[in-house]
Amino acid sequence: MSRIGKQPIAVPAKVQIKIDGASISVKGPKGELSRQLPYQVSVAQEGDTLTVSRQDDSRVCRQMHGLSRSLVFNMVEGVSQGFQRKLQLQGVGYRASVKGKDLVLNVGYSHPVEITPPDGVQFAIEDKGLTIVVSGYDKEIVGNTTARIRAVRPPEPYKGKGIRHENEVVRRKAGKAGKGGKK
């Protein structure tokens, strides 16, 4: 049995769940999410808990069991609490700001880079423009938006400049050896 798949999902009081065959929709104070689950798994609600079960013990069913449970858990957690990711800017003169809903990045290009958030995602700035907070109720969209922002200027290994995740460690490389080559 999948260790993740067999764990029940606790549903908070302010979250409503609607199960219709293989599709599930979750509505809470932060928003509403719906997803079509694979046919190999089924979701049942008993009081304030959800359980995900699989058809049989085939390899595909076992794979989908844990995945589906994680997806449903992330939906419930997202509409009740939400998700947030932080990015840090490292570099001289690198700054971020929010203009309306858009994120404006000044990261060493000749022009500022503007990023428009998808529906359900908000940007916030902390630490004098050096930390970007991406928050929303859909974990997948928050992660993809964070990856899009990081791709504007990924951290480089020689000076460590760029946009990195909050706890990301950038392995530094040594530069050129120095003077004293051929004569």
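In the block above lies the structure referred to throughout.
Residues numbered from 1 in each chain as written. Predicted model: local features only at pLDDT ≥ 70, side-chain atom pairs only at ≥ 80, totals over all residues. Heavy atoms only, no water.

(A) Structural detail: the sheet that holds strand 6 (residues 49-54). Overall, antiparallel pairing links the three strands, which are arranged 1-6-5 in an open sheet. Since the sheet does not close on itself, it has two edges, and those belong to strand 1 (9-10) and strand 5 (41-46), each with one partner. In this sheet, strand 6 lies alongside strand 5 in antiparallel orientation, the contact comprising six bridges. Looking across to strand 6, one finds that Val43 is bridged to Val52. (Pairing = 2+ DSSP bridges. Helix = DSSP H or I, 4+ residues; strand = E, 2+ residues; numbered from the N terminus.)

(B) Seen up close, the sheet that holds strand 10 (residues 113-115). If you walk across this open sheet you meet the three strands as 8-9-10, and the pairing is antiparallel. Sheet topology places strand 8 (95-99) and strand 10 at the edges, where each strand pairs with a single neighbour. Averaged over all neighbouring strand pairs, the angle between strand axes comes to 25°, with direction disregarded. Against the sheet, helix 2 (residues 139-152) makes contact with strand 9 (102-106) and strand 10, and its axis sits at roughly 175° relative to strand 10, the strand it touches most. (Axes fitted to C-alpha atoms, helices over the stretch in contact; angles between N-to-C directions. Contact = heavy atoms within 4.5 Å.)

(C) Structural context of unusual backbone geometry. Phi is positive for Asp127, close to 60°, though the residue is something other than glycine. The class for Asp127 is exposed, based on a relative accessible area of 52%. Unusually for a residue other than glycine, Lys128 sits at a positive phi of about 55°. You can see Lys128 is positioned in the loop between strand 11 (121-126) and strand 12 (131-136). (Buried < 20%, exposed > 50% of the residue type's maximum accessible area, 1.4 Å probe, protein only.)

(D) Representation of the pattern of salt bridges within the structure. One pass over the full model with this rule turns up five salt bridges. Of the charged contacts in the structure, one is a salt bridge between Arg35 and Glu140, with a shortest N-O distance of 3.4 Å. Here Arg35, found in strand 4 (residues 32-36), pairs with Glu140, found in helix 2; they are 105 residues apart in sequence, far enough to count as distant. A relative accessible area of 28% means that Arg35 is categorised as partly exposed. Across the pair Lys99 and Glu114 runs a salt bridge, and its minimum N-O distance is 3.4 Å. Of this pair, Lys99 sits in strand 8 while Glu114 sits in strand 10, and the two are 15 residues apart along the sequence. (Salt bridge = Lys/Arg side-chain N within 4 Å of Asp/Glu carboxyl O.)

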